[in-house]
Amino acid sequence: MITNEQDIDKYYKMLVEKNSNYEGVFFVGVKTTGIMCRPTCPAKKPLKENCEFFATAKEALLASYRPCKRCQPLSNPTKMSPEVKLLVEAIESNPERKWTDKDFDELSISANTARRQFKKQFGMTFIEYARSRRLGLAFKHIRNGDSIINAQLESGYDSSNGFRDAFSRTMGTVPNHSKQIKVLYCTWIETILGSMLAISDEESLLLLEFVDRKGLENEIKRLRTRLNATILPEKVAVLHQIEEELKLYFTGELTEFTTPVRYLGSDFQQKVWNELRKIPLGQTASYKELAEKINNPSACRAVARANGTNQLSILVPCHRVINSNGELGGYGGGLARKEWLIKHESNCSLKENNFI
């Protein structure tokens, strides 16, 4: 149980604010109800004197608290409602299907609910999401050398005009050959520290960020503009790989990622990012030390900026960089996550070297 008064005050403040940056960092046990919750639980907040804080869910369970049925603290946090999850699963089971409002009756979900919740979750309606998946299938057929008409039929479009209209809304124009198409793929990955967004092409991971990171929307826009690409929801092999590796990383079973990555930055930024990946697991470095490692000791500020523009969270471990005075410094995913990641990796390093 956490007994430090400063931590208790901080965690209670984050509990009241439902701060998602603290997902997985602490759990709260409510003395009056005997229930354990995660920081973002939507239930009415208890008084501070009725709270006990724990570093892990296991500690709270051992203290006789039972899991809250609303926030389900024993499962990974997710921003997806059960209705949205059901709809995504329905699309993935048959991505060629053309959905209408009547089809929602089969899932016992109203069309209005589908529109509202999907718009909130993905920035597009369910119908638009389904259309994007169908177009994604069409793009794949065209890239593999199929004709436009074959791509149209394989992706469930009866009308060539309808296919061209849908294609143009997403890509601008219908291509004449596969080289004109640049498509990126994205998926949400649930971790114990909160939801992450992963974006890749078919060969490499391009972006991995916590979804509540400030400025993420602008990062995605810059990525699209730089590559002149469209991003569609589809879990290609690269995204499957990073999802599996993250699961192992967070459970302490993986200490080195093998998912292929592609840097999108200047030569200087890439030097910094490569140096970040050389910081050993369980260790940290300062901006000054990184600058010296790349033979540019006066470039501390530039190194810090490059560190902040890293788009591959955890894989390029910018969380391992701290201030020269030993303080944590900044982190786009939030300082609570940075502290958790450093402690987690320190424990993993000790286990790997048989110290614990």
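Given the structure is predicted, the values throughout are model-derived calculations rather than measurements.

Peer 1: Tell me what's going on with the confidence of the model for the chain, and back it up with residues and numbers.
Peer 2: Looking at the chain as a whole, its pLDDT mean stands at 80, while 79% of the residues score no less than 70. The weakest mean pLDDT in the chain belongs to helix α6 (residues 148-154) at 42; the strongest belongs to helix α9 (residues 237-250) at 95. The model gives residues 145-178 a pLDDT under 50, and that stretch makes 58 contacts with residues more than four places away or in other chains.

Peer 1: Which residues make up the environment of L205, and what values do they have?
Peer 2: Tracing the sequence through the fold places L205 in strand β7 (residues 205-210). For L205, a relative accessible area of 0% gives the class buried. Considered as a pair, L205 and C186 are 19 residues apart in the sequence and their alpha carbons are 9.7 Å apart. Once residues lying within four places of it in the same chain are set aside, the contact partners of L205 are A198, I199, S200, V238, L239, I242, T259, P260, V261, R262, L312 and L315.

Peer 1: Residue-level account of the nonpolar core, with values.
Peer 2: Among the nonpolar cores identified, the biggest contains 57 residues, and F53, L205, I242, L246, L276 and I314 are the most heavily contacted of them. The biggest single contributor to this core is α9, with 6 residues. Apart from residues no more than four positions distant in its own chain, L246 is found in contact with I189, M196, L208, F257 and I314. Grouped together as the second largest cluster of nonpolar side chains are 14 residues, W188, L197, L227 and I231 included.

Peer 1: Describe the packing of helix α10 (residues 267-276) against helix α12 (residues 300-308), and please don't skip the residues or the numbers.
Peer 2: Two elements in contact, α10 and α12, have axes separated by 9 Å at closest approach and are oriented at 75°. On the basis of their axis angle, the class for α10 and α12 is roughly perpendicular. Seen from α10, the contacting residues are F268, Q269, V272, W273 and L276; seen from α12, they are A302, V303, A306 and N307. The residue makeup of the contact of α10 with α12, split by class, is 7 nonpolar, 2 polar and no charged.

Peer 1: Can you explain the sheet that holds strand β1 (residues 27-30)? Please cite residues and give values.
Peer 2: The mixed open sheet is built from 4 strands, whose spatial order is β3-β1-β2-β4. Whereas interior strands pair on both sides, the edge strands pair on one side only; in this sheet they are β3 (51-54) and β4 (66-67). Here β1 pairs with strand β2 (residues 35-37) via 3 bridges, running antiparallel. Bridge pairing in β2 places V28 opposite C37. Packing of helix α1 (residues 5-17) onto the sheet brings it into contact with β1 and β3, and relative to β3 it is tilted by some 100°.

Peer 1: Provide a residue-level description of unusual backbone geometry, including the pertinent values.
Peer 2: Positive phi, normally seen in glycine, also occurs at K18, with a value near 55°. In this structure, K18 sits in the loop between α1 and β1. In the Ramachandran plot, Q72 falls in the positive-phi region, its phi being about 45° despite a non-glycine side chain. For Q72, the position within the fold is in the loop between β4 and α3 (82-93).

Peer 1: Requested: an account of the environment of L239, with residues and values cited.
Peer 2: Secondary-structure assignment places L239 in helix α9. Given a relative accessible area of 0%, L239 falls into the buried group. Between the C-alpha atom of L239 and that of E202, which follows or precedes it by 37 residues, the distance is 8.9 Å. If near-sequence neighbours (up to four positions away) are discounted, L239 is found in contact with Y185, C186, T187, A198, I199, S200, L205 and E234.

Procedures and definitions
Residue positions are given per chain, counting from 1 as you read along its sequence in written order. Predicted model: local features are reported for residues with pLDDT of at least 70 only, side-chain atom pairs are reported and counted for 80 or more only, and whole-chain, interface and lining totals are derived from all residues. The basis for every side-chain value is the complete set of non-hydrogen atoms in the structure, without hydrogens or water. pLDDT is a residue-level measure of predictor confidence that goes from 0 to 100. Per the convention used, a helix needs a DSSP run of H or I reaching at least four residues, while a strand needs a run of E reaching at least two, with both numbered from the N terminus. Residue contacts follow a heavy-atom distance rule, with two residues in contact if any of their heavy atoms lie within 4.5 Å. The buried label goes to any residue with under 20% of its type's maximum accessible area, the exposed label to any with over 50%, and the partly exposed label to all in between, with areas taken from a 1.4 Å probe on protein chains only. In this description, a nonpolar core means a group of buried Ala, Val, Leu, Ile, Met, Phe, Trp, Tyr and Cys residues linked to one another through side-chain atoms lying within 4.5 Å. Orientation is described by lines fitted to C-alpha atoms, with helices fitted over the stretch in contact, and by angles between N-to-C directions that extend from 0 to 180 degrees. In these notes the angle categories are as follows: under 35 degrees is roughly parallel, over 145 is roughly antiparallel, 65 to 115 is roughly perpendicular, and the rest is oblique. By the convention adopted, Pro, Cys, Tyr, Trp, Phe, Met, Ile, Leu, Val and Ala count as nonpolar, Lys, Arg, Asp and Glu as charged, and the other residues, Gly among them, as polar. Strand pairing follows a simple DSSP-based rule, namely that at least 2 bridges must link the two strands.

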